[in-house]
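Commentary on secondary and tertiary structure
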Amino acid sequence: MSAADLPIHLRIPLGEGLRFGPGKADLLTRIRETGSVSAAAAAMGMSYRRAWSLVAEANRAFRAPLVELSRGGEGGGGARLTKEGEAVLASYRALESLLLSEGAAYIAAIRDRADMSGRK
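Residues numbered from 1 in each chain as written. Predicted model: local features only at pLDDT ≥ 70, side-chain atom pairs only at ≥ 80, totals over all residues. Heavy atoms only, no water.

Looking at the overall build of the protein chain
Put simply, the test is: Strands here mean DSSP runs of E at least two residues long; helices mean DSSP runs of H or I at least four residues long; both are numbered from the N terminus. Whether two residues are in contact is decided by their heavy atoms, any of which lying within 4.5 Å being enough. Using the Shrake-Rupley algorithm and a 1.4 Å probe, accessible areas are obtained, with residue cover drawn only from the displayed protein chains.
Each helix and strand counted, the protein chain has 5 helices and 4 strands in total. From first element to last, N terminus to C terminus, the protein chain shows the α and β order β-β-α-α-α-β-β-α-α. Within the protein chain, counting contacts between residues at least 6 apart in sequence, those at least 24 apart form 46% of the total. For the protein chain, the exposed surface amounts to about 7,900 Å²; the carbon and sulfur share of it is 53%.

See below:
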């Protein structure tokens, strides 16, 4: 399930204005699937520059990089999740799942009280 399918958007503050949320999680997932930052960005409809910026920000935010990049050459460059990247992504997805299953009643209670008409 992607973040776009979720009824919530979980963002975890990491300090110094950095956070880990659905955009970075989806980007990591696509990098894992494609082996490429540019292919992951294209699959998400995201600019190449934005994807590289998010990867750099994620790599700086944690004690160890989440994505390992290899330079282009004869076989082309590539990207893969590191052990740390796999662990962070797995923890984030597990927390999303927990919130959706265990927190469904609380999410519904909050939404039931919301004015969804858009009027103020």
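There is more to say, and it comes next.
Side note on the nonpolar core
Here is the rule we go by: Only buried Ala, Val, Leu, Ile, Met, Phe, Trp, Tyr and Cys residues count toward a nonpolar core, and they belong to the same one when joined by side-chain atoms within 4.5 Å. Each residue gets one of three labels from its accessible area relative to the maximum for its type: buried under 20%, exposed over 50%, partly exposed in between, using a 1.4 Å probe on protein chains only.
One finds Phe 20, Leu 27, Leu 28, Ile 31, Leu 66 and Val 67 to be the most contacted residues of the largest nonpolar core, which totals 22 residues. Of all the secondary-structure elements, those providing two or more residues to this core are helix 1 (22-34), helix 2 (37-44), helix 3 (48-61), strand 4 (78-81) and helix 4 (83-102). Leaving out residues up to four positions away in the same chain, Ile 31 has contacts with Ser 36, Val 37, Ala 40, Val 55, Val 67, Ala 79, Arg 80 and Leu 81.

Re unusual backbone geometry
Phi is positive for Glu 16, which is not a glycine, with a value near 50 degrees. Within the fold, Glu 16 resides in the loop between strand 1 (12-15) and strand 2 (18-20).

Some remarks on the packing of aromatic side chains
Our working definition: Stacked, edge-to-face and tilted labels apply to pairs of Phe, Tyr and Trp rings (six-membered ring for Trp) whose centres lie within 6.5 Å, assigned for plane angles under 30 degrees, over 60, and everything in between, in that order.
The tally for this structure, following the rule as stated, stands at 3 aromatic pairs. Between Phe 20 and Phe 62, the ring centres sit 6.0 Å apart and the planes meet at 85 degrees, which makes this aromatic pair edge-to-face. On the criterion of sequence distance, the pair formed by Phe 20 in strand 2 and Phe 62 in the loop between helix 3 and strand 3 (67-70) is long-range, its members being 42 residues apart. Overall, Phe 20 belongs to the buried group, its relative accessible area being 2%. Here Tyr 48 and Trp 52 contribute two aromatic rings whose centre-to-centre distance is 5.9 Å and whose plane-to-plane angle is 75 degrees, an arrangement assigned as edge-to-face. With Tyr 48 and Trp 52 both in helix 3 and 4 residues apart, this pair spans about one turn of that helix.

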